[in-house]
Amino acid sequence: MYVCPELCAKELSSRERGGMDLKDVDPLCDALMDGAFPKAMHMVFAREITGEQFVEPITKALAERMQLMGLMGELEEFASVCFIHRGWHTVYLMYVNVDRT
């Protein structure tokens, strides 16, 4: 996972001042995933996969949380883009928080 270091450091510092113990793995992972800073993930697979093989477990894992957040449309959009591609070895995912207010 790649993050914007300055914004990530600011987020982690803020959470630590708020009492979060960042020495524990779970809160640190939550901060990295939920933090208000751009992040990207680069995955290289040992074999070719299809979009379906890639997106199905991700959508299953995220569906409940995305539904609670009212973001099922975004998850469905992500899944539809992944189904277009076939025979992947490398996947790049980029996430930037967008203020929806």
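The model shown is predicted, which means the values in this text are computed figures rather than measured ones.

Draft legend 1. Here's a closer look at the overall build of the protein chain. For the protein chain, the helix and strand inventory stands at 4 helices and 3 strands. From first element to last, N terminus to C terminus, the protein chain shows the α and β order β-α-α-β-α-α-β. Evaluated residue by residue, the protein chain yields a buried proportion of 23% over its 101 residues. Pairs at least 24 residues apart make up 72% of the contacts formed inside the protein chain by residues separated by at least 6 positions. Summed over all atoms, the accessible surface of the protein chain reaches about 7400 Å², with 58% contributed by carbon and sulfur.

Draft legend 2. Molecular detail of helix H3 (residues 51-68). Counted at 1.5 Å a residue, the expected span for H3 with its 18 residues is 26 Å, and the 25 Å between its end C-alpha atoms agrees. The largest bend along H3 reaches roughly 50° and is located at Leu62. Looking at H3, one finds that the buried residues are Gly51, Phe54, Val55, Thr59 and Met66. Two residues or fewer after H3 comes Gly70, characterised by a positive phi angle close to 70°.

Draft legend 3. Quick peek at the nonpolar core. Met43, Ile49, Phe54, Val55, Ala79, Cys82 and Val91 together form the largest nonpolar core, which totals 7 residues. Of all the secondary-structure elements, those providing two or more residues to this core are strand S2 (39-49), H3 and helix H4 (72-84).

Rules used in this analysis
Residues numbered from 1 in each chain as written. Predicted model: local features only at pLDDT ≥ 70, side-chain atom pairs only at ≥ 80, totals over all residues. Heavy atoms only, no water. Helix = DSSP H or I, 4+ residues; strand = E, 2+ residues; numbered from the N terminus. Buried < 20%, exposed > 50% of the residue type's maximum accessible area, 1.4 Å probe, protein only. Contact = heavy atoms within 4.5 Å. Areas by Shrake-Rupley, 256 points an atom, 1.4 Å probe, with all protein chains shown as cover. Expected span 1.5 Å × (residues − 1). Bend = angle between axes of the 7 residues up to and from the residue. Core = buried A, V, L, I, M, F, W, Y, C linked by side-chain atoms within 4.5 Å.

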